[in-house]
Amino acid sequence: MKIAIASGKGGTGKSTVAANLACTLSRSREVVLVDCDVEEPNLHLFFPATTVDVPVTTPVPEIDPARCTLCGECGKFCRFGALSVLKDRVLVFPELCHSCGGCSLVCPQGAVREVPRTVGRVACSRPLPALVLISGVLNEGEVQAPAVIRAAKLLAEGHPLTLYDASPGIACPVIETLEGSDACILVTESTPFGLHDLRLAAEVVERVGIPAGVVINRSDGKDEETLDFCRERGLPVIMTIPFSREIAAVQNRGGLIAALLPGWEERFVALFEAVVKIAGVSP
Amino acid sequence: MIVGITARAAGTDAPVEQRFGRAPYFVFVDTETGKAESVENPLVDAAGGVGPRAVQMFSEHGATVVITGQVGGNAAKALEVGGIKAYAYRGSGSVADALAQYTAGNLQPLPLA
């Protein structure tokens, strides 16, 4: 079973929920936690451990000057500006390339070859006896987050229970993370921004076709608008985490409330059971 | 020699556009014959990477000099490798005015490297 944790708005507590859920579940079974927020992965802060790193490469064009006639087709095709055909050579901007391969297809001379280029890495570790953490890390200045997410998810394949912690937002990296998930936990907070972005995220999971439930984090007890929205959209609210200094204090020193505060392990077990029900598949 | 000037509209009376890759028009002027060709820039609304693509358009039109407000890093690299010199025109005048200023030697070259 694969569970994605997403939010729309950043800072609502995706990683808090993912880390606590992973820690809780790892007491009774093998769990793989995948940090798909590759532009700013942070789950390793909850689970420090020695990692084994695997580089992630994507194909980028290399021009054979002996075959190239400077016809300009590749540069006209590339909508990302990764190729500039000039008077006497083709200039390649590999960091602008999205690895679509179109330049090699449109080249009438067969002068475009694809060569691998490192854009990031996947860091694998086993911080707890039954927990494997797989963190995707996109190199600074790179644009191909989905490639690193794909690699991280690929390394997690074959495990019976996998959690995907998504990046904020609703763009390509989130969709890449959601693909293939059995259920999604949408983490929100009871603020106007939290609700605004929950609406967007709920629409995305619906379009991708993934059943979802909502976790309200930092609740001040006045969640009516969020509850109304969830009722309207048929989204079950499967956990509410109160706005509490005690919880914030544990969180701020990199601790997990499921391990350190009484009652929370049971609540994360209940969260998992609710997600299993939503997914409609056997865990 | 062909000079390419970034412009807000077609023709040599159009105001100069300060942006390079997202200028609505490129006006190419042949300094020998005085003929001007205006090309609508298809990259105005493109998502990204407009600099290098605009440089390819200048190269295809045989321009060896560009007059614009400023250029980004990728465009600068492509201009340099492509042997196209770039000059800064910061005024609010027309394409014709920018060209006159260039011919009079009043425009500063834009640093490319």
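Every value quoted in this text rests on a predicted model; they were computed, and no experiment measured them.

Student: Mind showing me how you'd approach the overall build of chain B here?
Tutor: Along its length, chain B carries three helices and six strands. Reading the secondary structure of chain B in the N-to-C direction produces β-β-β-α-β-α-β-α-β. Over its C-alpha atoms chain B spans a radius of gyration of 12 Å, differing by no more than 12% from the 13 Å that the globule rule assigns to 113 residues. Viewed in the frame of its principal axes, chain B has a C-alpha envelope of about 30 × 25 × 25 Å. Taking all 113 residues of chain B together, 39% fall into the buried category. Taking the intrachain contacts of chain B between residues at least 6 apart in sequence as the baseline, contacts between residues at least 24 apart amount to 48%.

Student: What exactly am I supposed to notice about helix α4 (residues 145–155) of chain A here?
Tutor: Each turn of an α-helix holds 3.6 residues, which means side chains three or four residues apart point in the same direction. Residue and element names in this part refer to chain A. Most of α4 is tucked away, with eight of its 11 residues classed as buried. Residues of α4 that are buried: A145, P146, A147, V148, I149, A151, A152 and K153. Of the surrounding secondary structure, the elements contacted by the buried residues of α4 are β2 (31–35), β3 (52–63), β6 (112–128), β7 (131–138), β8 (162–165) and α5 (172–178).

Student: Any chance you could explain the domain arrangement of chain A here in plain terms?
Tutor: You'll often see interface size given as the accessible area lost when the parts meet. Residue and element names in this part refer to chain A. Split by domain assignment, chain A resolves into domain 1 (2–56 + 120–279) and domain 2 (59–118). The distance between the C-alpha centroids of domain 1 and domain 2 comes to 38 Å. In this complex, domain 1 contributes six residues to the contact, which on the side of domain 2 involves four residues. Tallied by class, residues from the side of domain 1 that touches domain 2 come to three nonpolar, two polar and one charged.

Student: Which parts of the structure should I look at to understand the interface of chain B and chain A?
Tutor: Each side of the interface is counted separately: chain B has 16 residues, and chain A has 14 residues. Of all the elements in the fold, those that place two or more residues in the side of chain B that touches chain A are α1 (50–60) and α2 (73–81) of chain B. The greatest single-element share of the side of chain B that touches chain A, amounting to eight residues, is contributed by α1(B). Across the side of chain B that touches chain A, the residue classes tally to six nonpolar, eight polar and two charged.

Student: Looking at this model, I keep getting lost on the confidence of the model for chain B. Mind explaining?
Tutor: Note: predicted coordinates in regions of low pLDDT should not be interpreted at a detailed level. Of all residues in chain B, 99% attain a pLDDT of 70 or more, and the chain-wide mean is 95. ipTM for the predicted complex: 0.84, alongside a pTM of 0.83.

Student: Would you mind showing me how to read the environment of R233(A) here?
Tutor: Residue and element names in this part refer to chain A. Here R233 is to be found in helix α7 (residues 224–233). Judged by the 14 C-beta atoms lying within 10 Å of it, R233 falls in the partly exposed class. Residues R233 and R199, 34 residues apart in the sequence, show an inter-C-alpha distance of 9.3 Å.

Student: Could you clarify how one ought to interpret the UniProt feature "domain: Dinitrogenase iron-molybdenum cofactor biosynthesis" (unreviewed entry) in chain B in this entry?
Tutor: According to UniProt, the "domain: Dinitrogenase iron-molybdenum cofactor biosynthesis" (unreviewed entry) feature falls on residues 13–103 of chain B. Structurally, residues 13–103 of chain B comprises 32% helix and 23% strand, and the distance from its first C-alpha atom to its last is 17 Å.

Student: For this particular structure, what's the right way to read the nonpolar core?
Tutor: Within soluble globular proteins, side chains that are nonpolar generally end up buried alongside one another. Counting 76 residues, the largest nonpolar core has I5(A), A22(A), L33(A), V148(A), L163(A), C184(A) and L186(A) as the members making the most contacts within it. What L163(A) contacts, discounting residues up to four positions off in sequence, is I3(A), I5(A), A18(A), L21(A), A22(A), V31(A), L33(A) and V34(A). Of all hydrophobic cores here, the second largest spans 48 residues; its members include L86(A), I84(B), A86(B) and A98(B).

Student: I tried to follow the packing of α1(B) against α2(B) on my own but got confused; where do I start?
Tutor: Packed helices, taken two at a time, are described by their axes: the angle between them and the distance between them. Residue and element names in this part refer to chain B. Close contact between α1 and α2 brings their axes to 7 Å; oriented N to C, the two are set at 30°. Considered as vectors, α1 and α2 are oriented roughly parallel to each other. Along this stretch, α1 crosses α2, giving a crossing that reads as right-handed. On α2, the residues that touch G51, P52, A54 and V55 of α1 are N74, A75, A78 and L79. The residue inventory of the contact of α1 with α2, partitioned by class, reads six nonpolar, two polar and no charged.

Student: Would you take a moment to explain the sheet that holds strand β3 (residues 36–40) of chain B for this structure?
Tutor: The strands making up a sheet associate through hydrogen bonds between their backbones, and the pairing can be parallel or antiparallel. All names here are of chain B. Read from one edge of the open sheet, six strands run β3-β2-β1-β4-β5-β6, paired in mixed fashion. With one partner strand each, in any of the chains shown, β3 and β6 (108–109) form the two edges of the open sheet. Strands β1 (2–7), β2 (25–30), β4 (63–68) and β5 (85–88) of the sheet are contacted by helix α3 (residues 95–103), whose axis makes an angle of about 135° with β1.

Student: Explain the sheet that holds strand β1 (residues 2–6) of chain A here, please?
Tutor: Residue and element names in this part refer to chain A. Taking strand neighbours across the sheet as the criterion, the nine strands line up as β3-β6-β7-β2-β8-β1-β9-β10-β11 in an open arrangement whose pairing is mixed. Strand pairing shows two members of the sheet lacking a second neighbour, β3 and β11 (237–242), which therefore form its edges. Direction aside, the axes of adjacent strands within the sheet are offset by 20° on average. Relative to β8, β2 runs parallel, the two being bridged by four bridges. Bridge assignment links L33 to a residue of β8, and that residue is L163.

Student: Sorry if this is basic, but what is going on with the pairing of β8(A) here?
Tutor: Regular strands place side chains that alternate from one sheet face to the opposite one. All names here are of chain A. Burial along β8 is two-sided: T162 and Y164 and L163 and D165, pointing in opposite directions, are all buried. Where β1 and β8 come together, four bridges link them in parallel fashion. Residue pairing across strands places K2 opposite T162, the latter belonging to β8.

What counts and what doesn't
Residues numbered from 1 in each chain as written. Chains lettered and ligands numbered in written order. Predicted model: local features only at pLDDT ≥ 70, side-chain atom pairs only at ≥ 80, totals over all residues. Helix = DSSP H or I, 4+ residues; strand = E, 2+ residues; numbered from the N terminus. Rg over C-alpha atoms; globule rule 2.2 N^0.38 Å. Buried ≥ 20, exposed ≤ 12 C-beta atoms within 10 Å, placed from the backbone. Contact = placed C-beta atoms within 7 Å. Domains from an automatic or database assignment. Nonpolar A, V, L, I, M, F, W, Y, C, P; charged D, E, K, R; others polar. pLDDT = per-residue confidence, 0-100. UniProt positions renumbered as here; feature names shortened; annotations may be inferred. Core = buried A, V, L, I, M, F, W, Y, C linked by C-beta atoms within 7 Å. Axes fitted to C-alpha atoms, helices over the stretch in contact; angles between N-to-C directions. Parallel < 35°, antiparallel > 145°, perpendicular 65-115°, else oblique. Left-handed = near helix turned anticlockwise from the far one by under 90°. Pairing = 2+ DSSP bridges.

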